[in-house]
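# Architecture at a glance
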Amino acid sequence: MTLGERKTPGRRTVLGAAVLGSAVAALPATAAVAAPAPTVALGGGGHGSTRPALPVPTIVGHRGTAGYRPEHTLGSYELALEMGAHVIEQDLVPTKDGHLVCRHEPDITATTDVADHPEFAARRTTKSIDGVSTTGWFTEDFTLAEIKTLRAKERIPANRQRNTLYDGHWQVPTYEEVLRWADDEGRRRGKPIWLYTETKHPTYFRSIGLGLEERFAKLLRRYGRDHKDAPIFLQSFEPSSMQRMAHLVSAPRVVLLDAANTTPWDFKVAGDTRTVADLVKPAGLKWMASFAQGIGPTLDLIIPKDASGKLTKPTTLVRDAHAQGLILHPYTMRNENTFLPADFQRGTDPNAYGDAFGAFKVYFETGIDGIFTDNADTGLLARADFVSR
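What counts as what
- Residues numbered from 1 in each chain as written.
- Predicted model: local features only at pLDDT ≥ 70, side-chain atom pairs only at ≥ 80, totals over all residues.
- Heavy atoms only, no water.
- Buried < 20%, exposed > 50% of the residue type's maximum accessible area, 1.4 Å probe, protein only.
- Helix = DSSP H or I, 4+ residues; strand = E, 2+ residues; numbered from the N terminus.
- Pairing = 2+ DSSP bridges.
- Lys, Arg positive; Asp, Glu negative; His and termini not counted.
- Salt bridge = Lys/Arg side-chain N within 4 Å of Asp/Glu carboxyl O.
- Polar contact = N/O pair within 3.5 Å; in protein donor to acceptor, adjacent residues only side chain to side chain.
- Contact = heavy atoms within 4.5 Å.
- Expected span 1.5 Å × (residues − 1).
- Axes fitted to C-alpha atoms, helices over the stretch in contact; angles between N-to-C directions.
- Parallel < 35°, antiparallel > 145°, perpendicular 65-115°, else oblique.
- Left-handed = near helix turned anticlockwise from the far one by under 90°.
- Nonpolar A, V, L, I, M, F, W, Y, C, P; charged D, E, K, R; others polar.

Glancing now at the pairing of strand β7 (residues 87–94). For β7, a buried count of eight out of eight residues is recorded, marking the element as mostly surrounded by other parts of the structure. By the alternation rule, side chains of β7 split into Val87, Glu89, Asp91 and Val93 and Ile88, Gln90, Leu92 and Pro94, which are all buried. Here strand β6 (residues 58–61) runs beside β7; their pairing, made up of two bridges, is parallel. Residue glycine 61 lies in a different strand from β7, and its bridge partner there is isoleucine 88. In this structure, β7 lies alongside strand β11 (residues 194–199), joined through six bridges in parallel fashion. Considered in β11, the bridge of aspartate 91 is made with glutamate 198. In sequence, β7 turns back onto strand β8 (residues 100–102) through a hairpin of five residues, with glycine 98 there showing a positive phi of about 85°.

Shown next as C-alpha cells:
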C-alpha cells in the first residue's frame, strides 16, 4: 500500500494504521521513494509478516500497458512489469461456465477477433448492462474453451494504430493464469508482484447467476492473496461488491468513483439515491472507510476541468480522503493529446503525444498516493522527476 506520511497545512496525517487497521511503521512519502526496499510491519490478523512498501506515488499499469500492447493480455502485463510498474491491473468478467477471464467489459467485440469467427455469428446479440443497451458478443455466452479459440486485438486502433501490430498474438487470459504468472515472476525476481483486480458489473452478473465475488475470493485463497497483507488491491465501481468481498477475504479494497453526477449501478438497483458527489463528501468518505482502504476516483474529481477542457483548482478530495485514512489511486493518465487536459495538449493531431509529464506533475502535486496510467514508463519517469525535486 501507499503507507506514507502526508503533510497538510498546519497538521500531519499518518496513513497506514488507519488504512489497513494495523500497527504500521510509517514512512515519510519521500523516504518511501528514496530508501532501498523499505518494509512495513503489518500487525493483527495473525499473519505478522512484512512486505515491501509501495513507493509514493505508486504507478499502476492500467490494463497492463494499454498504451503499447492490446489491453488485458499477458503481453500487456509482462511489458508493464518489465517497465517497472509498481502494480498491474486486471478486470474480471465470467464465462458461461463460470471461469473468470481478463477483459475490460463482457462485450468482446472490440477486443477480440470474435467477429471473424463464422461459427459464433449467431451469438451476436443486444443486451442491457447497467442500463446501457449494447450489441455485440459477450463472455457470458461462451465457454472458456470457446473463448480460448479467440485472439486479442487493440481496442482503439484509430488512436493506437501501432498497437495493431500485436493483434492476434495473445489469447484472452484467465485470471488464474495471471495469478500463476505473477507467482512465477515473483519467485524469479525475488519480490511479490502486485496486482490490482476489478470486479466488472457485479450486480448484472449476479442477476444472471454468475456472481463474481465468490469465484474471485476462491482464487485469491487458492493463491494466497486473500489476507490483509497480500500484494493485491481489490476494486469495483459498485461499493456493495467491496462490502461483499470484505466478508470473503481480508485483502485491501478500493471503491472506484466515476463522474460526480453519476450513481453506482448497485445503488440504482437498491433504490439508494446517493451520487458520487455524495460519496466524496466527508460523510460518504467515512462510510466507504468502514469497509474499504482506498478510493479510485476519476482524475476530474481531483482537479475538475472547465468548459474548454483545461484544469481548474483542485478539490479538497485528497485532504478529505486522507482524513478518513483512505488512500487515493485516481485514473487514468495517457500520453495522447485526446486524453490529456487541454492545458497539456500539443499540436493538432489528437493521437500525437502531448505534455504528459506536465500533467503528471500537476496531479502528483495534489498529494495523491498513486495513479493509473496506460504508459507505465512515462509515469515512472514523471514520478522520478517529481521525487527528485
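Where a strand is regular, its side chains alternate between the two sheet faces. Neither face of strand β14 (residues 294–297) is left uncovered, since the one carrying Gly294 and Gly296 and the one carrying Ile295 and Pro297 both have all their residues buried. Of the pairings in the sheet, the one linking strand β13 (residues 253–257) to β14 comprises four bridges and is parallel in character. Residue leucine 256 lies in a different strand from β14, and its bridge partner there is glycine 296. Both β14 and strand β15 (residues 327–328) contribute to a ladder of two bridges, which runs parallel. Looking at the pairing, glycine 294 lines up with isoleucine 327 of β15.

Further remarks concern unusual backbone geometry. Note that the residue after valine 56, namely proline 57, is joined by a cis bond; omega there is -5°. Assignment of secondary structure puts proline 57 in the loop between β5 (50–52) and β6. Each neighbour pair has its own omega, and for tyrosine 331 with threonine 332 the value is -15°, a cis peptide bond. Even without a glycine there, the phi angle at histidine 72 is positive, about 55°. In this structure, histidine 72 sits in the loop between β6 and α3 (74–83). The phi angle at histidine 201 is positive, at roughly 50°, despite the residue not being glycine. When its relative accessible area of 16% is taken as the criterion, histidine 201 is described as buried.

Tracing the chain through its elements places aspartate 229 in the loop between α7 (212–222) and β12 (232–236). The side chain of aspartate 229 is buried and forms no salt bridge, while lysine 228, the nearest opposite charge, is found at 4.9 Å. There is a polar contact of 2.4 Å between the side chain of aspartate 229 and the side chain of histidine 227.

Attention shifts here to helix α14 (residues 356–364). For α14, every residue scored as buried is listed here: Ala356, Gly358, Ala359, Phe360, Tyr363 and Phe364. Each element contacted by the buried residues of α14 is listed here: β6, α12 (299–302), β16 (370–373) and α15 (376–388).

Turning to helix α5 (residues 175–189), a few remarks are in order. Here α5 contains 15 residues, and its C-alpha end-to-end distance of 21 Å stays within 8% of the 21 Å for a straight helix at 1.5 Å per residue. Within α5, burial applies to Tyr175, Glu176, Val178, Leu179, Trp181, Ala182, Glu185 and Gly186.

Moving on, we get to the packing of α5 against α7. Between α5 and α7, whose axes approach to 11 Å, the crossing angle comes to 25°. The orientation of α5 relative to α7 falls into the category roughly parallel. The crossing of α5 and α7 is right-handed. Between α5 and α7, the contacting residues are Tyr175, Glu176 and Leu179 on the first element and Phe216, Leu219, Leu220 and Arg222 on the second. Along the lines of polarity and charge, the residues of the contact of α5 with α7 split into five nonpolar, no polar and two charged.

Throughout the structure, instances matching the rule amount to 27 salt bridges. Notably, a salt bridge pairs lysine 281 with aspartate 278, separated by 3.8 Å at the nearest N-O pair. By relative accessible area, aspartate 278 is classed as partly exposed at 27%. A single salt-bridge network, built from bridges that share partners, covers Glu82, Glu185, Arg188 and Arg189.

Any functional reading would require information that these geometric values do not contain.
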